[in-house]
Amino acid sequence: MTQPVPLIAGNWKMNGLAAAMDEARAVAAGLGATPARVAICPPATLVERLARALAGGAVLVGGQDCHPKASGAFTGDVAAEMLADAGASLVIVGHSERRAGYGETDAVVADKARAALRAGLEPIVCVGETLAEREGGRALAVVSEQARGSLPAKLAGRDFCVAYEPVWAIGTGLTPTTPQIEEVHTAIRAVLVEMFGETGRRAPILYGGSVKPANAAEILHAAEVGGALVGGASLKAEDFLGIIRGV
Ligand code: PEP
């Protein structure tokens with residue numbers, strides 16, 4: 001296993017034409033000495049070009065999703081093996097936009113995490129409660145159940161991350177308080193240790209949801225926060241670098 005160093009991963013979502021690669025190059029050029037691992041997850045169309053452009057440097061390239069199967073009649077989908085073949089080393093699975101927009105269940109997410117491992121990719125498995133679930137006092141129960149259902153047993157002894165992304169904080173400018181983040185991350189850690197023992201102690205738990213340069217340092221230094229999954233603020237090199245400097 002790799003050392004449990006923090007991971008700052010940018011999720012470009014469905015943003016980025018070829019010109020956006022300049023932002024990724026600027027991240028690589030501006031990184032300097034950081035204790036963090038840094039990754040950019042561009043749209044699938046840019047994975048190979050970005051991996052070539054960043055080859056030999058410190059910035060890793062990841063996918064945003066993968067199909068559970070290695071190949072077959074799945075029009076429009078991308079296999080984990082294809083991402084690896086294109087130069088990716090990580091892949092996000094179970095993002096709330098996939099869970100909500102494509103009906104992905106915990107079981108599907110677990111299948112995708114297994115596919116990532118099969119292809120030699122490090123999965124970033126996302127969990128997070130909706131606003132109604134938080135307001136109903138069910139955030140911890142929902143997130144713990146998602147983690148149990150989305151993390152396959154095969155992750156034991158392997159490199160993986162969990163990303164806690166409250167659905168209501170994604171792209172909204174809202175963030176949980178630091179104690180709220182710590183409470184959920186501590187609950188996720190307990191699930192990880194229960195499921196995976198030592199592996200579960202070491203897996204980074206990223207926070208995601210409206211992370212910006214202004215709030216990054218406080219979030220990244222909260223208990224059990226092992227990095228960040230960053231959406232909007234990862235699209236501009238200056239903002240993404242500002243977050244990385246918060247580690
Ligand atoms: C995300 O979609 O993973 C995310 C964290 O988005 P944002 O940073 O824009 O809230």
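For the structure itself, look to the data block above.
In this text, all values refer to a predicted model and were calculated from it rather than measured experimentally.

Focus on the site of the ligand
- As a matter of local geometry, the ligand sits amid 14 residues, with Lys 13, His 95, Glu 165, Gly 171 and Ser 210 nearest to it.
- Residue Lys 13 places a side-chain N or O atom 2.5 Å away from an oxygen atom belonging to the ligand.
- Within the contact set of the ligand, an oxygen atom lies 2.7 Å away from a side-chain nitrogen or oxygen of Glu 165.
- In the complex, the protein chains occlude 95% of the 290 Å² of accessible area that the ligand would expose alone.
- Taken together, the residues that form the shell around the ligand break down as four nonpolar, eight polar and two charged.

A look at the environment of Gly 62
- With respect to the helices and strands, the residue Gly 62 is situated in strand β3 (residues 59–63).
- The exposure class of Gly 62 is buried, given its relative accessible area of 0%.
- With 134 residues separating them in the primary sequence, Gly 62 and Phe 196 have C-alpha atoms 24 Å apart.
- Non-local contacts of Gly 62, meaning those with residues more than four positions away in its chain, are made with Ile 40, Cys 41, Pro 42, Val 47, Ala 88 and Leu 90.

Calculation notes
Residues numbered from 1 in each chain as written. Predicted model: local features only at pLDDT ≥ 70, side-chain atom pairs only at ≥ 80, totals over all residues. Heavy atoms only, no water. Near = heavy atom within 4 Å. Polar contact = N/O pair within 3.5 Å; in protein donor to acceptor, adjacent residues only side chain to side chain. Areas by Shrake-Rupley, 256 points an atom, 1.4 Å probe, with all protein chains shown as cover. Nonpolar A, V, L, I, M, F, W, Y, C, P; charged D, E, K, R; others polar. Helix = DSSP H or I, 4+ residues; strand = E, 2+ residues; numbered from the N terminus. Buried < 20%, exposed > 50% of the residue type's maximum accessible area, 1.4 Å probe, protein only. Contact = heavy atoms within 4.5 Å.

That's the geometry; what it means functionally is another story.
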